[in-house]
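# Inside the fold
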Amino acid sequence: MLMEQATKVRKEWSSVCDSVIHDKPKFIKRTRDKMWFSNLETMRSILDIYKFTAQSLVEEDGSVTLSLNEIDLIENGKNEDEARLKLAQSILEYAVDYYNDYAMYSHSPNRKGHIPYIFKALIIDDPEQIGAMIQCQDGKN
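What counts, and at which threshold
Residues numbered from 1 in each chain as written. Predicted model: local features only at pLDDT ≥ 70, side-chain atom pairs only at ≥ 80, totals over all residues. Heavy atoms only, no water. Helix = DSSP H or I, 4+ residues; strand = E, 2+ residues; numbered from the N terminus. Contact = heavy atoms within 4.5 Å. Core = buried A, V, L, I, M, F, W, Y, C linked by side-chain atoms within 4.5 Å. Buried < 20%, exposed > 50% of the residue type's maximum accessible area, 1.4 Å probe, protein only. Pairing = 2+ DSSP bridges. Axes fitted to C-alpha atoms, helices over the stretch in contact; angles between N-to-C directions. Phe/Tyr/Trp six-rings, centres within 6.5 Å; stacked < 30°, edge-to-face > 60°.

## Topic: the side chain of N39
As for its position among the elements, N39 is in the loop between β3 (33-37) and α3 (40-47). The residues contacting N39, other than those within four sequence positions of it, are V20 and I21.

## Concerning the nonpolar core
Nonpolar side chains in soluble globular proteins tend to end up buried together. By size, the foremost hydrophobic cluster in this structure holds 22 residues, and its most contacted members are F52, L87, I91 and I130. Counting residues per element, the ones that place at least two in this core are β5 (64-68), α4 (80-100) and α6 (115-124). Per-element accounting of this core gives the leading share, eight residues, to α4. Grouped together as the second largest cluster of nonpolar side chains are five residues, A6, V9, V16 and I28 included.

## Focus on the environment of M104
Within the element layout of this structure, M104 appears in helix α5 (residues 102-105). Take M104: its relative accessible area is 45%, and that puts it in the partly exposed class. Measuring from C-alpha to C-alpha, the distance between M104 and A121 comes to 19 Å, with 17 residues separating the pair along the chain.

## Regarding the sheet that holds strand β7 (residues 135-138)
If you walk across this open sheet you meet the four strands as β6-β5-β4-β7, and the pairing is mixed. A strand with exactly one partner marks an edge of an open sheet, and here the two such strands are β6 (74-77) and β7. For this sheet the average axis-to-axis angle between neighbouring strands, irrespective of direction, equals 30°. As defined by bridge partners, β5 adjoins β6 across four bridges and the pair is classed as antiparallel. What sits directly across from S67, in β6, is I74. Along the sheet face, α4 touches β4 (53-58), β5, β6 and β7 and points at about 145° away from the line of β6.

## Comments concerning the packing of aromatic side chains
Here the structure, examined in full by the defined rule, presents nine aromatic pairs. Considering the side-chain rings of Y94 and Y98, the 5.8 Å spacing of their centres and the 75° angle between planes classify their relative orientation as edge-to-face. With Y94 and Y98 both in helix α4 and four residues apart, the pair spans about one turn of that helix. Using a relative accessible area of 0% as the deciding quantity, one classes Y98 as buried.

Shape is all these values report; function is a separate question.
Structural data, given as structure tokens:
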């Protein structure tokens, strides 16, 4: 593989960063550890295939409940727009919690699959943009 040694990367840190930002990602090896170093735009492109989808339920009072399919999060709002924004805020809050306790969450069998969604939310870092991305499907009451 195209691994660069960590010692060389450390010595040439500034030029490696410039290369990653303006040219391409790097694969780095330190002893037995292997890493990938890229800019956020590359990561955003990689994560583009991961979509936030939700079941949409209209409640008896006319409010809308959205249940996220990828992560167990549910929010209710007076309409779909409000519910989307609340759900997006919950996604971002969960992503921050997950990242802050990454060692625990990423090793939990029922939460390991959340990793791409966590990084997608953290990179976007905007509840309105996340909310606009949620694809809603009619659910059943």
